[in-house]
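# Close look at the chain arrangement
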Amino acid sequence: MKRTFPFSRILTVLLAMAVVTSLIGLAAMQALAQSDDPASTAEPDATMEAPAAADATAASDVEWTVNDMTFQSNYPSGFEFTLDITSSAAPVARGRVVWTHATGTNSQRSQTAELDPETGELVADWVVQGGDAVPPWVGVTYTWQVTDEDGNAFETEPEYAEYEDTTREWLRVESEDVIVFTEGLPEEVGPLTVDAMAEQRETYRAAWGDLLPYKPRAILFGDQDAWLEWRLGLQNPRVIGTTNEHWGATVQIVYGGDIEDLTYGTVPHEVGHLYQGQFTIMTPGSWFIEGNATFFELHQQYDYEASIREMATAGQLPALLDGTGPGVSGNNARRGYDIGYTFWRWLVDNYGLDGHRELIQLLDKGISRNEALQTVTGLSLQEIESRWRVWLGASDTPPTLFPTPTMFFFPTVTPYGQ
Ligand SMILES: [Zn+2]
């Protein structure tokens, strides 16, 4: 979540969608654009059927034939899959669809199909319920798992579709780095976002060790009615953005006209959160995680570092590594983001993006933040905190003098300068 100064904004509610751990081997696939018009899905049948039938034959002598496969977006209430398939051995008994919004992750959902008694087709209807809503324009990469009455099982090759909103005028811009959807916003938002993401590409790669396994989406609304519509049961009007690794997307409602902040600030920040979710483990709602996302912004609303340097010279820096550090909610939220930003800035200035990568890899193994920091820097916690403060221009000593070399034991202290 990106914070706007000086307003305090509510924390993004990250929807914890159920993560099914079983892998179904969604291999890297060709993004095959597919409309929701059932007629248009009829033509790829031949290419879909051939490799699948060959595989099935090799395994069990049962030949499966895909006659028709469709995806239909019923935005905002859900989407529906249909499959017309036959087995050479026996009538089809049951099927289900498994899909992901972010390929290359373990994030999956599924819907059991019903067999239409008239057409013999399998129909899987996913209907939004409660807090389950997903925004328009997420990708849907799906496979069918089907079983016939003899118990023969078959899985289709992955297909790709999008949860289209055809009720509004959306602009779609896609590049190597991002897919941007805008509605009710100036035309240049898409291209500027593409430019910003291209500019940050190698920084992301170096900092995280690789790019995201999927192409992130920025779904940007300019119209509040449209924004509230997709959220259905989640209509807290104070929420102005959500970034969700299961969707592989950030979704934002934009009031006001700072296009540069949106495209070069908010989106790279939120994509930073997608990298965090993909590559490491960090405590949500902490200066550490928000400072890290802020590090990836290419546009700042003001000079974050300068504002914290002023605090430092005034002797007002709070303790950082001892305890929870500055908060990132409430009236002083922005300050917590900025302090966190300076810490990551200091770290990368001294240890490079390699240092960033080593740190997040240690965190990903479950190593604590402070232990990982000591490993990467080769310094004690006190030295780390002291050097960061001196780098910011503080002339005082760190607020906490760790009394013994014992790690993980910190006396209760009064934070300095509060
Ligand atoms: Zn954030």
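What you see is a predicted model, and the numbers here were worked out from it, not measured in a lab.

## Here we look at the pairing of strand β2 (residues 78-87)
Extensive coverage of β2 is indicated by the burial of 7 of its 10 residues. What sits between strand β1 (residues 64-73) and β2 in their antiparallel hairpin is a turn of 4 residues. Of the strand pairs in this sheet, β2 and strand β6 (residues 122-127) are connected by 6 bridges, and their pairing is antiparallel. Each residue of the ladder has a partner; that of T82, found in β6, is V123.

## Things to note about the sheet that holds β1
Pairing within the open sheet is antiparallel, and its 4 strands lie in the order β1-β2-β6-β5. Each of the sheet's edge strands pairs with one partner strand only, and the pair in question is β1 and β5 (114-115). When β1 meets β2, the two strands line up antiparallel, connected through 9 bridges. From the neighbouring strand, M69 faces β2, where its bridge partner is L83.

## So, the pattern of salt bridges
A side chain with one charge can pair with a side chain of the opposite charge if their charged atoms come near. Scanning the model with the defined rule gives 15 salt bridges in all. Residues R201 and D177 are paired through a salt bridge, measuring 2.6 Å at the closest nitrogen-oxygen approach. Within this pair, whereas R201 is found in helix α2 (residues 189-208), its partner D177 is found in the loop between β10 (170-174) and β11 (179-183), the two being separated by 24 residues in sequence. No difference in accessibility class separates R201 from D177, as the two residues are buried. In this structure, D354 and R357 form a salt bridge, with 2.9 Å as the shortest nitrogen-oxygen distance. Remark: R357 and D354 occur in helix α7 (residues 333-364); sequence separation between them is 3 residues, near one turn of the helix. Each of the salt bridges in this network shares a partner with another, and the network as a whole consists of E162, R172, E174, K215 and R217.

Here is what the cut-offs are and how they apply
- Residues numbered from 1 in each chain as written.
- Predicted model: local features only at pLDDT ≥ 70, side-chain atom pairs only at ≥ 80, totals over all residues.
- Heavy atoms only, no water.
- Buried < 20%, exposed > 50% of the residue type's maximum accessible area, 1.4 Å probe, protein only.
- Helix = DSSP H or I, 4+ residues; strand = E, 2+ residues; numbered from the N terminus.
- Pairing = 2+ DSSP bridges.
- Salt bridge = Lys/Arg side-chain N within 4 Å of Asp/Glu carboxyl O.

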